[in-house]
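Structure at a glance
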Amino acid sequence: MFTGIVQAVGDLSLHGKRLAVEGYPSSFRINIGDSISVDGVCLTVAAFRNKGFLADVSEETLGKTTLGE
């Protein structure tokens, strides 16, 4: 359940149909399949990349949320 408490701030970038989230603390234990709220949008971790993770995003999600900006 999302508590509304911001636990980290990271950088977002779009790579095709995947959103890269980078810069979160290495102390976070994140697994593929975990749900993470990013700017109020619930995303599922699909893969890891450098110091972050990738999540699949649809055109609908990009068009109706702040993630597409």
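Above this text you will find the structure in question.
These numbers were taken from a predicted model, which means no experiment stands behind them. (Residues numbered from 1 in each chain as written. Predicted model: local features only at pLDDT ≥ 70, side-chain atom pairs only at ≥ 80, totals over all residues. Heavy atoms only, no water.)

Considering the pattern of salt bridges
Under the convention used in this document: Salt bridges are defined by distance alone: a side-chain nitrogen of Lys or Arg within 4 Å of a carboxyl oxygen of Asp or Glu. Going along the chain from the N terminus, every DSSP run of H or I of four or more residues is numbered as a helix, and every run of E of two or more is numbered as a strand. Buried, partly exposed and exposed residues are distinguished by accessible area as a fraction of the type maximum, computed with a 1.4 Å probe on protein chains only: under 20%, between the cut-offs, and over 50%, respectively.
Applying the stated rule across the entire model yields three salt bridges. Put simply, Arg49 and Glu22 hold a salt bridge, and the shortest N to O gap is 3.3 Å. Of the two residues, Arg49 is situated in strand β4 (residues 41-49) and Glu22 in strand β2 (residues 18-22); the sequence distance between them amounts to 27 residues. Residue classification places Arg49 among the partly exposed positions, given a relative accessible area of 28%. For the salt bridge of Glu60 with Lys64, the shortest nitrogen-to-oxygen distance reads 3.5 Å. In this pair, Glu60 and Lys64 are both assigned in helix α1 (residues 59-64), four residues apart and thus about one turn of the helix distant. For Glu60, a relative accessible area of 52% puts it in the exposed group.

A closer look at the nonpolar core
Short version of the rule: Nine residue types can take part in a nonpolar core, namely buried Ala, Val, Leu, Ile, Met, Phe, Trp, Tyr and Cys, and a core is a set of them joined through side-chain atoms within 4.5 Å. Contacts are assigned to residue pairs that have any heavy atoms within 4.5 Å of one another.
With 14 residues, the main nonpolar core has Leu19, Ile30, Ile36, Val38, Leu43, Phe53 and Leu67 as its most contacted residues. Those elements giving two or more residues to this core turn out to be β2, β3 (35-38), β4 and β5 (52-56). Ignoring any residue separated from it by four or fewer positions in sequence, one finds Leu19 in contact with Leu12, Ser13, Leu14, Leu43, Phe53, Leu54, Ala55, Val57 and Leu67.

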